[in-house]
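Structural overview for review
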Amino acid sequence: MSFSRNNNATAADINRDRLFATGTFKNVWQGRYIAGARTGEACVAKEFKSGAGSAAFEDHYFQEELNIIERAQSIIDSWHAARGGQHHHRIVMSRPQIWQYRRNGRKALVEPFILNFQKFNSNTGWVAHGSGGARPDSWCEAMQALSHFSYHVTGGQFLLCDLQGGMHGDVFCGPGDLGPNGIHAFFRRHKCTRFCDPRWIKPRSSVKSAFSKRRGTTMVSRVPAHQTRLSRTRRIR
């Protein structure tokens, strides 16, 4: 079973009159699906900011994000399998797709809208502590454990962090790949929670982090010299 939340739609109407949210590299616009099983439901379209770089930059990071989503989905499915089917703190991956605007052909990442959105940790070791209630704090602890588990289950090759989502368990992971330095930044500041297993592995080294702790996503450019070709698209207005 794959714990995912998908578009299940083929077209959407995006409201470009008002910016819904903005991040370090992307703007977010809200809209609604107009064709498919989710017709009438809310969605969001995420676009790289025009000043972020060339078309090669944009295409590279679109593909990079989808690659990370695939890896994250595998880790989340393994997380649930390792928990033996426990239903509390059920984490579901919100999976975007690359769609194109009909009017100009520009690409965007489209996914279902998430209610009660919040950020749980960053890729430099920042951690949310909830709002004082039992439920938010337990979710923050579960997300920290998921990050630790991701390092363990991949044999120290990957770390799933920069976790964001809604209180109903939806999780979105962005392309914040910082390599080994990012892994050390996380574990230098990580404190195991009740959801962690003492048998889970950690990095042997405790070298000083190359990144300062911050709430936002930190990105390091690894843009290839050639433009990445993207083939899977849907249409949005």
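This write-up is about the structure you can find in this document. Since we're looking at a predicted model, the values are computed, not measured. (Residues numbered from 1 in each chain as written. Predicted model: local features only at pLDDT ≥ 70, side-chain atom pairs only at ≥ 80, totals over all residues. Heavy atoms only, no water.)

**Observations concerning the overall build of the chain**
Check the secondary structure of the chain and you find three helices and 12 strands. Here the chain holds 237 residues, and the buried ones make up 51% of them. The long-range share in the chain, meaning contacts at least 24 apart out of those at least 6 apart in sequence, stands at 69%. As displayed, the chain has an accessible area near 11,900 Å², and 48% of this comes from carbon and sulfur atoms. (Helix = DSSP H or I, 4+ residues; strand = E, 2+ residues; numbered from the N terminus. Buried < 20%, exposed > 50% of the residue type's maximum accessible area, 1.4 Å probe, protein only. Contact = heavy atoms within 4.5 Å. Areas by Shrake-Rupley, 256 points an atom, 1.4 Å probe, with all protein chains shown as cover.)

**With respect to the environment of Glu 141**
Its place among the elements puts Glu 141 in helix α2 (residues 134-153). Each C-alpha atom of the pair Glu 141 and Thr 193 lies 5.7 Å from the other, and the pair is 52 residues apart in sequence. Each residue touching Glu 141, except ones within four places of it in the same chain, is listed here: Thr 193, Arg 194 and Phe 195. At 2.5 Å, the side chain of Glu 141 and the side chain of Arg 194 are in polar contact. (Polar contact = N/O pair within 3.5 Å; in protein donor to acceptor, adjacent residues only side chain to side chain.)

**Details of the pairing of strand β4 (residues 26-36)**
Here five bridges tie strand β2 (residues 9-14) to β4, and the two strands are oriented antiparallel to one another. If you follow Ala 11 over to β4, its bridge partner there is Ala 35. Where β4 and strand β5 (residues 42-48) come together, seven bridges link them in antiparallel fashion. Considered in β5, the bridge of Val 28 is made with Lys 46. (Pairing = 2+ DSSP bridges.)

**A few points about the pattern of salt bridges**
Taken as a whole and assessed by the stated rule, the structure comprises nine salt bridges. Measuring nitrogen to oxygen at the nearest pair gives 2.8 Å for the salt bridge that ties Lys 119 to Asp 162. With a gap of 43 residues between them, Lys 119 in strand β9 (residues 118-119) and Asp 162 in the loop between α2 and β10 (163-165) connect regions that are remote in the sequence. Note on accessibility: Lys 119 and Asp 162 belong to one class, buried. As a salt-bridge pair, Glu 141 and Arg 194 come within 2.5 Å of each other at their nearest N and O atoms. Here Glu 141, found in helix α2, pairs with Arg 194, found in the loop between α3 (179-189) and β12 (235-236); they are 53 residues apart in sequence, far enough to count as distant. Relative accessible area serves as the criterion here: at 60%, Arg 194 is assigned to the exposed category. (Salt bridge = Lys/Arg side-chain N within 4 Å of Asp/Glu carboxyl O.)

**A closer look at unusual backbone geometry**
The phi torsion at Asn 8 lies on the positive side, around 50°, for a residue other than glycine. A positive phi angle is found at Asp 162, which is not glycine, with a value near 60°. For Asp 162, a relative accessible area of 2% translates into the label buried.

**Examining the pairing of β5**
Counting buried positions along β5 gives six out of seven residues, so the element sits mostly inside the fold. Taking the residues that link successive antiparallel strands as the turn, the β4-β5 hairpin has five residues, and the phi of Gly 40 there is positive, at about 95°. Pairing between β5 and strand β8 (residues 107-112): four bridges, direction antiparallel. Following the sheet pairing, Ala 45 is matched in β8 by Val 110.

None of this, on its own, says anything about what the molecule does.
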